[in-house]
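Read off the chains here:
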Amino acid sequence: MASLPTPPPEPQDDPAAYVGLTAEEAERQAGERGWSTVRRLQPGAMITMEFLAGRINFEVADGRVTRGWKG
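As the structure is a computational prediction, the values presented were derived from the model and not from experiment.

Draft legend 1. Representation of the pattern of salt bridges within the structure. Taken as a whole, this structure holds seven salt bridges when the rule is applied. One salt bridge connects R40 with E24, and the closest N-O pair in it is separated by 3.8 Å. With R40 in strand β1 (residues 37–41) and E24 in helix α1 (residues 23–32), this pair connects stretches of sequence that are 16 residues apart. Judged by its relative accessible area of 42%, R40 is partly exposed. One connected set of salt bridges, linked through shared partners, spans E24, E27 and R40.

Structure follows, in C-alpha cells:
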C-alpha cells in the first residue's frame, strides 16, 4: 500500500486577522503570506466541507471580510 503524501506546511497565520479588510486586500495579503488558495464566499453560501491544506476561506459581505478560516 502506498503511503499518503505529506501536505506542505501551511502558513502560521491567524485567519481572524483578515476580518475588516477589503476582500482584495485580504486576498493580496494571504498570497504574500504563503496561502496557496484563497476562497471568497458570500455569507450563508453552501459549501462542501472538504479540507484543503494551504487554503484560506473568507466570508465577504459588502466587500469586506467578515470571517476567515483555514481549509
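Picking up after the structure, the text goes on.
Draft legend 2. Region of interest: the sheet that holds β1. Taken in spatial order, the three strands make up an open sheet running β1-β2-β3, and their pairing is mixed. Each having just a single partner strand, β1 and β3 (64–70) make up the two edges of the open sheet. The average angle at which neighbouring strand axes cross in this sheet is 25°, direction not considered. Judged from the five bridges that link them, β1 and strand β2 (residues 55–61) form a sheet pairing that is parallel. Paired with V38 across the bridge in β2 is I56.

Draft legend 3. Molecular detail of the nonpolar core. Core analysis: the biggest nonpolar cluster contains nine residues, these being Y18, A23, A26, A30, W35, I56, F58, V60 and V65. When contributions to this core are tallied by element, the ones reaching two or more residues are α1 and β2. In contact with V65, other than residues within four places in its own chain, are Y18, V19, G20, L21, T22, A23, A26, F58, E59 and V60.

Conventions used here
- Residues numbered from 1 in each chain as written.
- Predicted model: local features only at pLDDT ≥ 70, side-chain atom pairs only at ≥ 80, totals over all residues.
- Heavy atoms only, no water.
- Salt bridge = Lys/Arg side-chain N within 4 Å of Asp/Glu carboxyl O.
- Helix = DSSP H or I, 4+ residues; strand = E, 2+ residues; numbered from the N terminus.
- Buried < 20%, exposed > 50% of the residue type's maximum accessible area, 1.4 Å probe, protein only.
- Pairing = 2+ DSSP bridges.
- Axes fitted to C-alpha atoms, helices over the stretch in contact; angles between N-to-C directions.
- Core = buried A, V, L, I, M, F, W, Y, C linked by side-chain atoms within 4.5 Å.
- Contact = heavy atoms within 4.5 Å.

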